[in-house]
Amino acid sequence: MIKKIFIILGVLIALVLGAIIVLPIVFKDNIVQAVKDAANDNLNATLNFGDFDLSLIRSFPDFSVEINDLSVANKEPFEGDTLISMKSLHLTVDLMSVISGNEMKIKTVRLDQPRMNFSVLEDGRANWDIAKSSATGETSAPETSPEKEEAPSEGAPFKAALKSLEIVKGYMAYEDKSLAFAMVLNELDFELSGDFTADFTSVKSKGSIHAVDMSYEGVPYLTKAVVGLKADLDADMNKFEFTFKENELKVNELELGLDGKFAMPDNGYVMDLKFAAKKNEFKNFLSMVPAVYANDFASVKTSGKLALDGYVKGLYNDSIMPGFGTNIVIEDAMFKYPDLPGAMQNIQVAVNIDSPTGDPDQTVVDISKFHVEMMGNPFDMHMRIATPVSDPQVDGAMKGVINLSKLGDIVPREKDDKLSGIITADLELKGRQSSIDQGRYEDFHAVGGLGIADMYYQTKDFPQGMRINKLQFNFSPQYLDLAEFNSMIGKSDLQASGKVTNYLAYALKDSATLAGNFRMTSTSFDLNEFMTEDEAAAASTPASGEGTPASGEAAPPAEEALSVIEVPPFIDFVASASFGKLLYDNMPMDNVSGSLKIKDQVITLENFKMNTLGGAMTVNGTYGTKDVKSPDVDFSLDIKGFDVEQTTSTFNTVAEIAPIAKACKGSYSTSMSFVTKLDDKMEPVMNTLAGQGRLKAENIKVEGFQPLEKMADVLRNPKLKKWEFNNMDVAFRFSEGRVHVDPVPLKLGNVKGTMQGSNGFDQTLDYVLNLQIPRSDMGGDAVNGLLASAGLKNDPNATLPVDVMIGGTVTNPTITPSIKGATTQVKDQVKEVVKEKVEELKDKGREELQKQADKVRAEGKAAAQRIRDEAEANAKKIEDEGKGNPLKKKAAQVAADKVRKEGEAKAKQVEDEANRKADGIENTAKQKADDLLNK
């Protein structure tokens, strides 16, 4: 009997061990397929992974799942972005849930080296919103209000029975363009445990981040901060209510304790949280200053007391903000690096920020005390701001002297860094914004100034250095007066003066416009000193088409360094400039002067003159970035006496527009106007380039142009390889990717004629040369072949009318000659053909100009509609800001109506101007057609 029992027991053990080994093999394909099916059915994204391993031995009686090289790639509108990727994902899955085939219960999750990239577009669309709705299979719309997560629908392939979550060496980047907020977490380690299947559970978590960078509206608030977290809380999963218990948050050396409750009802988030510094030493707060913390912080000697506390209390959703506040008090503090002679002493700070109801307009920022002494130089400041939304009220002052030379005796700096000079501040501001808006300047107190003298700054990243000999700002309620600015930046000198108006409104309100009027002068200014090595390489790299290398060419190594220069909104500046010498890349310019205006995200150049490339140029036009992804350019140029060779070596785009230019010598003058879109590398999108002009030259020599050389070979006349144009006057236009040239008179020795046609930005050719060539200037075999094809006799004294069609490309041209005829009868026939061609050219030219006119009208209409759309969006934004407050609502409605009215007026002006230009083009088309017919 005992023997039988042992045999049965042995068989059972063998079966169990066999099952442990065999079951992962049996169910592996099922689980892999379930994962892929679930991804395809439920995600608007692409899921990929490498090796997939299952085991029952490591986590018996549960499955242990390991997925390597996992990634989730986004689709439109985030095509090309990787939402998440990781080295490996470890899961434990309930065995019985797999066997039953209903729902797979995931118990533990471990993410090894995950990289997570989360982003939100300006319109609120988020790249993690990849779940398809069950009804339509489309991506679900972003939630308009925070709600509790719904339970999985019946038949869902997974169910969270989570016990623990672990992240090892993670990286997370978050960017919200709608808030201008960005955050990066590097080397994130995190552990979370608790029974999330229970109605009530105690959750334990701890984590650390090696480096945190955080910025808001371009201002960095954390730089490479070291963060640690230890949090224990009670979770009521039925109410979605969480109570914080023993919690610690450590940022660098600053430790904060957190207590209170956080709940997620259907109408938003409810918070009642308090935080306070767990230590009252000033040194812990000092660690939040990146420059101090980065330089041997442990050895810094400090003293002084710190008090830091705050709260967040109330409901948060799309329309309601919770109350919040914080207090910071620093008393009798100092710090000193042991190896430096100086110290920052007698630091006294008192800051209170309070918004008890969460209403932004009831927020009060009060810096009642800020005092510091830097090696005997005191600096004091106080500032109080109230009603910041409706009518900002400010009461502040700043007074003191900062000796930049002595800062190096207080805070360490890089070995090669140089900083010296004196900053002097003595400024008082007191009053309401409404006083400025209503012109009651006597009710606003603003006096004093801010000055810099003998300042010098140089670093490893800015080796050319900058010297400010004198800068003086004087303050008044009406304006900020730049009384003097005299500087040297590297080898370049720059002087400026002017006034800035509306500076208080701009500083206190997001939508206020900063206005100014300046004058800038320089004897010599080298823009190349401001370019990085990559930018300099990119600026001198020849362009190719629409920013794409030509076939067989390598991409320019630094091309990605170039990006769109965005014209900032809410700026209304006018500046006059005068530069004796200006250098950009390999283009020197002399006697540069003109006016520059910045308004409505458009830069306007007016009468901008310069001497360059052996001649002179005047520029008028605009550059706008209302659509930052596709800037608009609208310029007119008046060029006199430019050298052709210098032009082509400086502007590679010229060779794309006029390939023959690279083979030319001489000087030319031209007047031209054009519009185009730019790509993200600030290069013209060639198929959007449209315009017209006229080129004049007294003498242009052409040699080495392959199409002409091949034509000379075909006609057996070597003299035709070199051409000379005298008193040239050519009309041209470009549209739809081609340059169209009106008839140009030709004369080379005894050969006379005309040339007309077009060439493409893709280097294709379509030209016709109508030549009168003496029989003696053509090779015998060439003549015999042409005469035979025309059925004519060979007369050695005749002048032959030869048509030459030039096609193909610049590097591979095709030459097709033909003879019109030498007898009277043939000449009459030729006249008829010419007449037909004239009619054809007339119709073709009129059709092309009509297309151009239609395009101008369409672009004007589209631009006008964009202005209307922008005005409507701004108006709705103003109306939305006024919701919830009857008084603000009425004022907002009036302001919104004004914005719409101004937008409509501006749109109509743009549309009328486009129609006027189009009418002019149509009239030109008619006149050219009549002129051509009468020739």
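In case you missed it, the structure is sitting above this.
Keep in mind that what you see is a predicted model, and the values were worked out from it rather than measured.

(A) Quick look at the overall build of the protein. For the protein, the count of helices and strands is 14 helices and 39 strands. Counting over 935 residues, the protein shows a buried share of 39%. The contacts of the protein with a sequence gap of at least 6 include a subset with a gap of at least 24, amounting to 54%. Of the roughly 51200 Å² of accessible surface on the protein, 55% is carried by carbon and sulfur atoms.

(B) A look at unusual backbone geometry. The phi dihedral of Lys169 falls on the positive side, at around 50°, and the residue is not glycine. Judged by its relative accessible area of 54%, Lys169 is exposed.

(C) Spatial organisation of the packing of aromatic side chains. Here the structure, examined in full by the defined rule, presents 12 aromatic pairs. Measuring from centroid to centroid gives 5.8 Å for Phe475 and Tyr503, while their planes differ by 70°, and the two rings are edge-to-face. In this pair, Phe475 sits in strand 22 (residues 462–475) while Tyr503 sits in helix 7 (residues 503–508), placing the two residues 28 residues apart along the sequence. The buried category is assigned to Phe475, whose relative accessible area is 16%. Residue classification places Tyr503 among the buried positions, given a relative accessible area of 10%. Among the aromatic residues, those joined into a cluster by ring pairs are Phe118, Trp128, Tyr174 and Phe181. The ring of Tyr479 carries the charged tip of Lys499 above its face, separated from the ring centre by 5.2 Å.

(D) Structural view of the environment of Asp266. You can see Asp266 is positioned in the loop between strand 12 (254–263) and strand 13 (269–277). In this structure the C-alpha to C-alpha distance between Asp266 and Phe240, which are 26 residues apart in sequence, comes to 9.9 Å.

(E) Spatial organisation of the pairing of strand 9 (residues 200–216). Pairing of strand 8 (residues 181–193) with strand 9, which is carried by 12 bridges, proceeds in the antiparallel orientation. Bridging from a neighbouring strand, Asp189 pairs with Ser208 of strand 9. In sequence, strand 8 turns back onto strand 9 through a hairpin of 6 residues, with Gly194 there showing a positive phi of about 160°. Joining the antiparallel neighbours strand 9 and strand 10 (residues 219–236) is a turn of 2 residues, in which Glu217 adopts a positive phi near 50°.

(F) A look at the side chain of Arg733. Summarising the element assignment, Arg733 is placed in strand 34 (residues 722–735). One polar contact links Arg733 to Asp742, side chain to side chain, over a distance of 3.3 Å.

(G) Seen up close, the nonpolar core. Within the largest apolar cluster, 119 residues are counted, with the highest numbers of intra-cluster contacts made by Phe335, Ile347, Tyr503, Val702, Met711, Trp723 and Val804. At 6 residues, strand 34 tops the list of elements feeding residues into this core. Counting 41 residues, the second-largest nonpolar core is a separate cluster that includes Ala45, Val93, Leu185 and Ala235.

(H) Inspection of the pairing of strand 31 (residues 632–643) at higher detail. Alignment of strand 30 (residues 615–624) against strand 31, held across 9 bridges, turns out to be antiparallel. Bridge pairing links Gly624 to Asp632 in strand 31. Looking at chain direction, strand 31 and strand 32 (residues 664–677) are connected through 10 bridges and run antiparallel. Each residue of the ladder has a partner; that of Val633, found in strand 32, is Thr676.

(I) Structural detail: a nonpolar patch on the surface. A grouping of Leu179, Tyr216, Val219 and Tyr221 is seen on the molecular surface, where their side chains present a nonpolar patch of about 390 Å² in accessible area. If you trace the backbone, Leu179 turns up in the loop between strand 7 (158–176) and strand 8.

(J) Quick look at the environment of Met383. Looking at where Met383 falls in the secondary structure, it is placed in strand 18 (residues 377–386). Taking the C-alpha atoms as reference, Met383 lies 6.0 Å from Asp366; in sequence the two are 17 residues apart. Residues within four places of Met383 in sequence aside, it is in contact with Val365, Asp366, Ile367, Val394, Asp395 and Gly396.

(K) Representation of the pattern of salt bridges in the model. The tally for this structure, following the rule as stated, stands at 24 salt bridges. Glu911 serves as the salt-bridge partner of Arg868, at 3.3 Å between the closest nitrogen and oxygen. Pair noted here: Arg868 is in helix 13 (residues 824–881) and Glu911 is in helix 14 (residues 886–934), with a separation of 43 residues, a long-range link. Judged by relative accessible area, Glu911 falls into the partly exposed class, the value being 22%. The structure contains a network of salt bridges with shared partners spanning Arg868, Glu904 and Glu911.

Procedures and definitions
Residues numbered from 1 in each chain as written. Predicted model: local features only at pLDDT ≥ 70, side-chain atom pairs only at ≥ 80, totals over all residues. Heavy atoms only, no water. Helix = DSSP H or I, 4+ residues; strand = E, 2+ residues; numbered from the N terminus. Buried < 20%, exposed > 50% of the residue type's maximum accessible area, 1.4 Å probe, protein only. Contact = heavy atoms within 4.5 Å. Areas by Shrake-Rupley, 256 points an atom, 1.4 Å probe, with all protein chains shown as cover. Phe/Tyr/Trp six-rings, centres within 6.5 Å; stacked < 30°, edge-to-face > 60°. Lys NZ or Arg CZ within 6 Å of the ring centre and 35° of its normal. Pairing = 2+ DSSP bridges. Polar contact = N/O pair within 3.5 Å; in protein donor to acceptor, adjacent residues only side chain to side chain. Core = buried A, V, L, I, M, F, W, Y, C linked by side-chain atoms within 4.5 Å. Patch = residues over 30% accessible without salt bridge, like charges linked within 9 Å, V, L, I, M, F, W, Y side chains within 5 Å. Salt bridge = Lys/Arg side-chain N within 4 Å of Asp/Glu carboxyl O.

Taken by themselves, the reported measurements are silent on function.
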